[in-house]
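Structural features, examined
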Amino acid sequence: MVAAISRPWPQGVSRQICVPQVPLTDYLQTAARRYPDKPALVYCDAITTYFRLHERVDALAGFLQAQLGLRKGDRVLLSGQNCPQFVTAFYAILAAGGVVVPVNPMSRMKEVRFYASDSGARLAILAQELLSEIPVGGDDAGCLAAAVVFRYADALPGETGGADVPDWVAAPASPLDSPALHGFEDAIRAGLVPEPAGATVHDIALLPYTSGTTGNPKGCMHTHATLLAAAVASSVWKRLSVETVSLAVAPLFHMLGLQNGMNIPITLGATSVLMPRWNPLEAARQIERHRVTAWSAPPAMVIDLFSRPEAAQYDLSSLCLLSGGGAAMPEAVGDMLSRQYGIEYNESYGLTETASFLISNPPSRGKRQCLGIATQGVDARVVDPETGRELAAGETGELVVAGAQVMQGYWRHPEANIHGFMEIEGSRFLRTGDLVLQDNEGYFFMRDRLKRMINASGFKVWPSEVENAMYDHPAVLEACVIGVPDVKRGETVKALLVLKPEHQGCTSEEDVIAWCRDHMAVYKAPRFVEFVDSLPKSSAGKILWRELQQLHSVQPAGAKGARG
């Protein structure tokens, strides 16, 4: 047994989490009763009150039950950009007793067919521009029986108050030329009253699919209880309240956005300012106009906003909590946020499998480039990935976790559950696949994905460590480090960099390589550097390192390198 580690703990926060024994929809009903006239959602400066949101959710739930035959436990695909209709649809599916299957709107027909077939969904609620990618009205596998279709413009006010409304948001209605297609607003105007769904806190509420490292995506079975465990714990940890105003930029179909931009504000009776899609200066305008107090976003979004000189033109003083995860916040950017704006970026760690919130830095005692400590009721350990032996502080191993927010398992994939979980001292732990190190105070530091390590002549190189160091270079805006084949070393280190505009054309690859050798061990320093206009990112703002890794593993290095 590894010796106990002394963990700091935020004042006033219980060591355990008391999971509410009501479904998520109970919180919307309560907020509508307590704060009927309070803004629940703000979208392009249009306000939806809690009373109005609850009214629309009930009407849509009634339509799903009476007209489309939705029964308890039925899965429903939900796809679209951030908008009030997405929130309405999410809670209507739950109110009708269904299970939400969130789908990235960038998914193609083949991918959507897989989600529908694997989940067994026969219904969908989607934005109108996605009709060409979502099969509706056929009888073959992966084809949906019916869909409710919305257009973003129906949520727009007569006056947008100066909000930057993209053309695709204001697009006119598309014709619904199939009896299998139903208009979103028509469904609500029908005014049907839903039957009690009889949902319990232990029923499955959400089935998000993870990309995984191999094979097809797998659905994560989240109940009302697992979602609420993460949402309630996060609210208490971050000291959020009914007065919180959250900026919802991360996509709602992704767990970061779904929890922080929608479920947490609704459980609190707080306000969520929805942005249709990422726009850095529009985000600054929304923060100023609506006095946003909390924003959860990956570092890439934060860097994109605060690295712009124009950001200084906006009053961002209301923002008191800036949090997120998915990648470490570069030290240089963290220093800038603290020095210029008085904000400490609160880094956290979570997975689709854990409903987002799991490990976090105490707000008043955070460490830079650190995942944080295990939060309320979470048992997090570092083990040898091959033997399962628990490791001591300072040793790098796989992070395994147990807690109330951990999913029930993978949907219809018993073999994935066998490999994805392990038993320790009679308890079931989720294997995260992330390599971490824990210090003597219980703080976890990411070292890398289990399969991402670069082995250069026997030396282990963690790409994230090199990336974090490279952000200290004055010319580097964004960085992604990958391993590329090397005849002599097996693998060698390559850096793909986006330069700051003022350094483009006056910084060379050789300059960067020389700088790296001065600032890190030689075996860690990139031997190849390539400048690119941009790095591919996921819908949640994470750099798609795996995509770049695969691309460059079959292509020549194609950039200047260093000998030795």
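The following paragraphs examine the structure supplied in this document. Note that this is a predicted model, so its numbers are computed, not measured.

Details of the pattern of salt bridges
Tallied over the entire structure, the rule returns 24 salt bridges. In this structure, the salt-bridge partner of Asp 203 is Lys 72, at a minimum N-O distance of 3.2 Å. Placement of the pair is Asp 203 in the loop between α5 (184–189) and β8 (204–206) and Lys 72 in the loop between α2 (50–66) and β3 (75–79), with a sequence separation of 131 residues. Note on Asp 203: relative accessible area 22%, which makes it partly exposed. Across the pair Glu 282 and Arg 285 runs a salt bridge, and its minimum N-O distance is 3.2 Å. With Glu 282 and Arg 285 both in helix α8 (residues 280–290) and three residues apart, this pair spans about one turn of that helix. An identical accessibility class is assigned to Glu 282 and Arg 285; each is buried. A network of salt bridges, in which partner residues are shared, links Asp 45, Glu 282, Arg 285 and Arg 289.

Observations concerning the packing of helix α6 (residues 224–237) against helix α7 (residues 255–268)
At a minimum axis distance of 10 Å, the contact between α6 and α7 shows a crossing angle of 75°. Judged on the interaxial angle alone, α7 and α6 are roughly perpendicular. Residues Leu 227, Leu 228, Ala 230, Ala 231, Ser 234 and Ser 235 of α6 lie in contact with α7, whose contacting residues are Met 255, Gln 259, Asn 260, Ile 264, Thr 267 and Leu 268. Of the residues belonging to the contact of α6 with α7, the class tally is seven nonpolar, five polar and no charged.

Re the sheet that holds strand β14 (residues 294–296)
Pairing is mixed across the open sheet formed by nine strands, whose spatial order is β2-β1-β13-β12-β14-β15-β16-β17-β18. Edge positions in the open sheet fall to β2 (46–49) and β18 (373–374), since each of these has one partner strand only. Pairing of strand β12 (residues 245–248) with β14, which is carried by two bridges, proceeds in the parallel orientation. Residue pairing across strands places Leu 247 opposite Trp 295, the latter belonging to β14. Of the strands in this sheet, β1 (39–43), β12, β13 (271–274) and β14 touch α8, which is tilted by about 165° from β12.

Remarks on the side chain of His 552
Counting through the fold element by element, His 552 comes out in helix α14 (residues 545–553). The class for His 552 is buried, based on a relative accessible area of 7%. Other than its neighbours up to four places away in sequence, His 552 contacts Ile 482, Val 484, Pro 485, Lys 494, Leu 496 and Glu 530.

A word on α7
Among the 14 residues of α7, 13 are classified as buried, and the element is accordingly described as predominantly covered. Of the residues trailing α7, Gly 269 is marked for its positive phi of about 75°.

Observations regarding the pairing of strand β20 (residues 396–402)
Among the seven residues in β20, six count as buried, and that is most of the element. Relative to β20, strand β19 (residues 379–383) runs antiparallel, the two sharing five bridges. Looking across to β20, one finds that Arg 381 is bridged to Val 400.

With respect to empty space enclosed by the protein
In total, this model carries four cavities of 30 Å³ or more according to the counting rule given. Its boundaries defined by the atoms lining it, the largest cavity holds a volume of some 120 Å³. Taken together, 16 residues form the lining of the largest cavity, with Ser 246, Asn 260, Gly 261, Trp 295 and Ser 296 sitting closest to its centre. Mapped by element, the contributors of at least two residues to the lining of the largest cavity are β12, α7 and β14. With five residues, α7 is the single largest residue contributor to the lining of the largest cavity. Each residue belonging to the lining of the largest cavity can be placed in one class, and the counts come to 10 nonpolar, five polar and one charged.

Examining the layout of surface pockets
Its volume calculated, the second largest pocket comes out at about 990 Å³. What lines the second largest pocket is a set of 42 residues, among which Ala 300, Met 301, Ile 303, Asp 304 and Glu 478 lie closest to the centre. Among the secondary structure elements, those contributing two or more residues to the lining of the second largest pocket are α9 (299–306), α10 (331–341) and β26 (476–486). The leading source of residues in the lining of the second largest pocket is α10, at six residues. Looking at the lining of the second largest pocket residue by residue, the class counts come to 21 nonpolar, 10 polar and 11 charged.

Points about the sheet that holds β26
Backbone-to-backbone hydrogen bonds pair the strands of a sheet. The strands run either parallel or antiparallel. Across the sheet, three strands lie side by side as β26-β27-β28; this open sheet has mixed pairing. Edge strands, defined here as strands with exactly one partner in the open sheet, are β26 and β28 (528–531). Strand-to-strand twist across the sheet, computed as the mean angle between neighbouring axes with direction ignored, equals 25°. Summarising the sheet, strand β27 (residues 490–499) and β28 pair through four bridges and their orientation is parallel. Note on β28: the bridge partner recorded for Lys 494 is Phe 528.

Cut-off values and rules
Residues numbered from 1 in each chain as written. Predicted model: local features only at pLDDT ≥ 70, side-chain atom pairs only at ≥ 80, totals over all residues. Heavy atoms only, no water. Salt bridge = Lys/Arg side-chain N within 4 Å of Asp/Glu carboxyl O. Helix = DSSP H or I, 4+ residues; strand = E, 2+ residues; numbered from the N terminus. Buried < 20%, exposed > 50% of the residue type's maximum accessible area, 1.4 Å probe, protein only. Axes fitted to C-alpha atoms, helices over the stretch in contact; angles between N-to-C directions. Parallel < 35°, antiparallel > 145°, perpendicular 65-115°, else oblique. Contact = heavy atoms within 4.5 Å. Nonpolar A, V, L, I, M, F, W, Y, C, P; charged D, E, K, R; others polar. Pairing = 2+ DSSP bridges. 1 Å grid on protein atoms, 1.4 Å probe; cavity = no way out; pocket = protein on both sides within 12 Å on 5 of 7 lines; lining within 4 Å. Points joined across faces, edges and corners; volume = space filled by probe spheres on them.

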